[in-house]
Amino acid sequence: MNEKILWYVADPMCSWCWGFMPVIERVRNDYDQRLKVELLLGGLRPGTEHPLPAAQRQQIIGHWHAVHRLTGQPFRFERAMPDGFIYDTEPASRAVVAVSKLSPDATFAFFRAIQSAFYVEQRNVTQASVLSELAVHVGLEAQAFLDAFESQVARDITQSHFQKARQLGVHGFPTLIGQQGDSYARISSGYCSFEELNPKIWQWSDA
């Protein structure tokens, strides 16, 4: 029988994914012996080159407030994403890829560290220096991380993540997709509570 894989399709700079963090952590914990849970980086705003317009910033902050109200996840709203901020999610995603190659067991912890740094500490997680500090925080050596982060291999793998998400028809995050062999099934799209999600995962995993 083919192993069942639960793909968590997300972006480290997606606010609803930050809201979903406690849910996916519980899924990973509760289904540890039943399923393999893997992270697929969806690519929220990869390759953005221009600073965030003021109107769009206000719109995004509005989403953050909605996430906070529904999930209780912490945010620092004041002075978030200051003038000149370029909302490019490729570097943060590539950093997750780099960590996954150096220390697979640290992947989810690093993903969470980026989220917390961005939403709670207001750190610019598009910058290699910030990402390197976060990698050290989860136990990696700074130069080893930077070498992996800057490599063409990491860039190519990151793009392959984005491409796979598109091939699976994923356009919003978080999304959960179950895989068994060559068969894929969408479990959930968008934020939902563990109580809503659990029966869906259980039904698929038990099939």
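Just so it is clear, the model here is predicted, and its values are computed rather than measured.

Visitor: Describe the layout of surface pockets, and please don't skip the residues or the numbers.
Guide: In this structure, the largest pocket occupies an estimated 420 Å³ of space. Considering the residues around the largest pocket, the lining is formed by 19 residues, among which Val37, Glu38, Leu39, Thr107 and Phe108 are closest to the centre. If one sorts the elements of the lining of the largest pocket by residue count, strand E2 (residues 36–41) sits on top with 5 residues. Looking at the lining of the largest pocket residue by residue, the class counts come to 10 nonpolar, 3 polar and 6 charged.

Visitor: Residues and numbers for helix H2 (residues 54–71), please.
Guide: Over its 18 residues, H2 extends 26 Å from the first C-alpha to the last, a length consistent with the 26 Å expected when each residue adds 1.5 Å. Taken as a whole, H2 has its buried residues at Arg57, Ile60, Ile61, Trp64 and Val67. Viewed along the axis of H2, the buried residues span an arc of 110°, placing them on a single side of the element. Away from its buried face, by an angle of more than 90 degrees, H2 presents the exposed residues Ala55, Gln59, Arg69 and Leu70. Those residues of H2 that are buried lie in contact with helix H1 (15–30) and helix H4 (107–119). Positive phi shows up at Gly72, right after H2, with a value of about 80°.

Visitor: Any details on the pattern of salt bridges? Residues and values, ideally.
Guide: Inspection of the entire model under this criterion finds 11 salt bridges. Arg26 is the partner of Asp30 in a salt bridge, and the nearest nitrogen-oxygen pair spans 3.4 Å. You can see Asp30 and its partner Arg26 sitting in helix H1, 4 residues apart, about one turn around the helix. Relative accessible area serves as the criterion here: at 41%, Asp30 is assigned to the partly exposed category. Here the residues in one salt-bridge network are Glu90, Arg94, Glu150 and Arg155, joined through shared partners.

Visitor: Report on the pairing of strand E3 (residues 175–180), specifying residues and quantitative values.
Guide: For E3, the buried fraction is high: 5 of the 6 residues fall into the buried class. Pairing between strand E1 (residues 4–10) and E3: 6 bridges, direction antiparallel. The residue of E3 that forms the bridge with Ile5 is Gln179. Here E3 runs beside strand E4 (residues 183–189); their pairing, made up of 6 bridges, is antiparallel.

Visitor: So, the sheet that holds E3: which residues are in play, and what are the values?
Guide: The 4 strands are arranged E2-E1-E3-E4 in an open sheet whose pairing can be described as mixed. Only two strands of the sheet have a single partner each, and these edge strands are E2 and E4. Averaged over all pairs of adjacent strands, the angle between their axes in this sheet comes to 25°, without regard to strand direction. One ladder, built from 6 bridges, connects E1 with E2; its direction is parallel. Directly across from Ala10, in E2, lies its bridge partner Leu41. Where H4 meets the sheet, it contacts E1 and E2, and its direction lies at approximately 45° from that of E2. Against the sheet, helix H8 (residues 194–206) contacts E1, E3 and E4, and its axis sits at roughly 170° relative to E4.

Visitor: For empty space enclosed by the protein, give the residues involved together with the corresponding values.
Guide: Under the defined criterion, the tally for this structure stands at 1 cavity of 30 Å³ or more. By volume, the largest cavity is sized at about 40 Å³. Forming the boundary of the largest cavity are Tyr8, Cys17, Met21, Ile24, Glu25, Phe108, Phe111, Arg112 and Gln115. At the level of elements, H1 and H4 are the ones that each hand at least two residues to the lining of the largest cavity. A per-class count over the lining of the largest cavity returns 6 nonpolar, 1 polar and 2 charged.

What counts, and at which threshold
- Per-chain numbering applies: the sequence of each chain, read as written, is numbered from 1 onward.
- Where totals are concerned, whole chains, interfaces and linings use all residues; where local detail is concerned, this predicted model gives features only for residues with pLDDT of at least 70, and gives and counts side-chain atom pairs only at 80 or more.
- Calculation of side-chain values draws on the structure's entire complement of heavy atoms; hydrogens and water are dropped beforehand.
- In the cavity and pocket records, a cavity denotes points on a 1 Å grid over the protein atoms alone where a 1.4 Å probe fits but cannot get out, a pocket denotes an open set with protein on both sides within 12 Å along at least 5 of 7 lines, and lining residues are residues with an atom within 4 Å of a point.
- Grid points are joined across faces, edges and corners, and a volume is the space filled by probe spheres set on the points.
- We count a stretch as a helix when DSSP gives it H or I for four or more residues in a row; a strand needs E for two or more, and each element gets its number in order from the N terminus.
- Each residue gets one of three labels, nonpolar for Ala, Val, Leu, Ile, Met, Phe, Trp, Tyr, Cys and Pro, charged for Asp, Glu, Lys and Arg, and polar for the others, Gly among them.
- In this analysis, the expected span of each helix is defined as 1.5 Å times one less than the number of residues it contains.
- Buried residues are those whose accessible area, probed at 1.4 Å on protein chains only, stays under 20% of the maximum for their type, while exposed residues exceed 50% and partly exposed ones sit between those limits.
- Comment: arc refers to directions from the helix axis out to C-beta atoms.
- Residue contacts are counted whenever heavy atoms from the two residues lie within 4.5 Å of one another.
- What makes a salt bridge here is a side-chain nitrogen of Lys or Arg within 4 Å of a carboxyl oxygen of Asp or Glu, nothing more.
- Pairing between strands is defined by DSSP: at least two bridges between them are needed.
- Here the axes come from fitting lines to C-alpha atoms, over the contacting stretch only for helices, and the angles between their N-to-C directions go from 0 to 180 degrees.

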